Amino acid sequence: MSLPPLMPKATAVWLVENTSLTFEQIAEFCKLHPLEVRGIADGEVAAGIKGLDPINSGQLTREELERAAANPAHHLKLAERKVKVPEMKKTKGPRYTPVSKRQDRPNAILWLLRNHPELKDAQVIRLIGTTKSTIAQIRDRTHWNAQTLSPIDPVSLGLCSQIDLDFEVGRAAKDRPAMVAEIGSTLLPAEETTAPEPAPLSQTFADMGKPKREEEAAIDVDSVFAKLKQMKRPVDEDDEA
């Protein structure tokens, strides 16, 4: 998308007064609505604005203007700048806060400390544009106006945007260490986890009433007959006597 020329309304005034371009061509070049350009031609819009010559300002060439005047379907294009102005780099530092809103910063800091304690002091400084000592005073309740402070959302105060606040909160959540397991909740040893489950009492009593195996039954029968033989021997000897 092409950029509009400098002072688009003043440029549109000059093009309306000094060229035969259509309203649509002027509106497209100046990034205005065609009805607004028509209002400029009728004197209802931009009254008192002095026209700006785009040729003298280097925004439009005479050849481009003649080409557009001869062909109503031609789209005007801005002339390339002969001198390239380097872009200004943003310097890192605390956010600038207007003078009218600086008195609201302590309330915003108190809100952040209560609702987002995971934020670091550096993050609060980036959001509010305050100092580390002010944050410490509000946290320790040693601020000179601590008794009258009330927590207020910095977004509603216009001190930062919701996007910046969500970004800093998300960054603080990533830096937060993982939750430690509760005290006393340790893993069970392998002997306990792999040991077979004990049989219920009902099953134990049921097993007691079952007949024994054949080997055990045979051993019991032999012992019983041996005892009977020992008991019969004295009786037989008395009969012989």
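Scope of this entry: the structure provided in the associated data block. Note on numbering: residues in each chain are counted from 1, in written sequence order. Since the coordinates come from a predicted model, pLDDT governs what is reported: local features require at least 70, and pairs of side-chain atoms require 80 or more to be given and counted, while whole-chain, interface and lining totals use all residues. Side-chain descriptors were evaluated using all non-hydrogen atoms of the structure, hydrogens and water having been removed beforehand.

1. Here we look at the overall build of the protein
Right, on to step 1. Helix and strand counts for the protein come out as 12 helices and 0 strands.
Right, on to step 2. Put simply, DSSP H or I for four residues or longer makes a helix, DSSP E for two residues or longer makes a strand, and each gets a number counted from the N terminus. Sequence-ordered secondary structure for the protein, helices as α and strands as β, is α-α-α-α-α-α-α-α-α-α-α-α.
Right, on to step 3. Expressed as a percentage of the 241 residues in the protein, the buried residues total 26%.
Right, on to step 4. Between two residues, a contact is recorded if the distance between any of their heavy atoms is within 4.5 Å. The long-range fraction of contacts in the protein, counting pairs at least 24 apart against all pairs at least 6 apart in sequence, stands at 62%.
Right, on to step 5. Per-residue and other accessible areas were derived by the Shrake-Rupley procedure at a 1.4 Å probe size, with only the shown protein chains allowed to occlude residues. Accessible surface for the protein amounts to roughly 18700 Å². Of this, 57% is attributable to carbon and sulfur atoms. For every residue, the accessible area obtained with a 1.4 Å probe (protein chains only) is divided by the maximum for its type, and the residue is called buried under 20%, exposed over 50%, and partly exposed between those limits.

2. Here we look at helix α9 (residues 162-175)
Right, on to step 1. Expected helix span is computed as 1.5 Å times (number of residues minus one). For α9, spanning 14 residues, the distance from its first C-alpha to its last is 20 Å, which sits close to the expected 20 Å at 1.5 Å a residue.
Right, on to step 2. Within the span of α9, buried status applies to Leu165, Glu168, Val169 and Ala172. Buried positions in α9, seen along its axis, are confined to an arc of 100° and lie on one side of it. Counted as exposed and oriented over 90 degrees from the buried face of α9: Ile163 and Lys174.
Right, on to step 3. Buried residues along α9 sit against α5 (105-115), α6 (121-128) and α8 (154-157). Taken from the helix axis, the directions to the C-beta atoms give the arc we talk about.

3. Focus: the side chain of Thr11
Right, on to step 1. Mapped onto the elements, Thr11 comes out in helix α1 (residues 8-18).
Right, on to step 2. Look past the residues within four positions of Thr11 in its chain and what remains in contact with it is Pro5, Leu6, Phe29, Cys30, Leu52, Pro54 and Gln59.

4. Digging into unusual backbone geometry
Right, on to step 1. Positive phi outside glycine occurs at Met7, with the angle close to 50°.
Right, on to step 2. Following the sequence through the fold, Met7 ends up in the segment before α1.
Right, on to step 3. Judged by relative accessible area, which is 53%, Met7 ranks as exposed.
Right, on to step 4. One non-glycine residue, Lys31, lies in the positive phi region at around 60°.
Right, on to step 5. By the secondary structure assignment, Lys31 is in the loop between α2 (23-30) and α3 (34-42).

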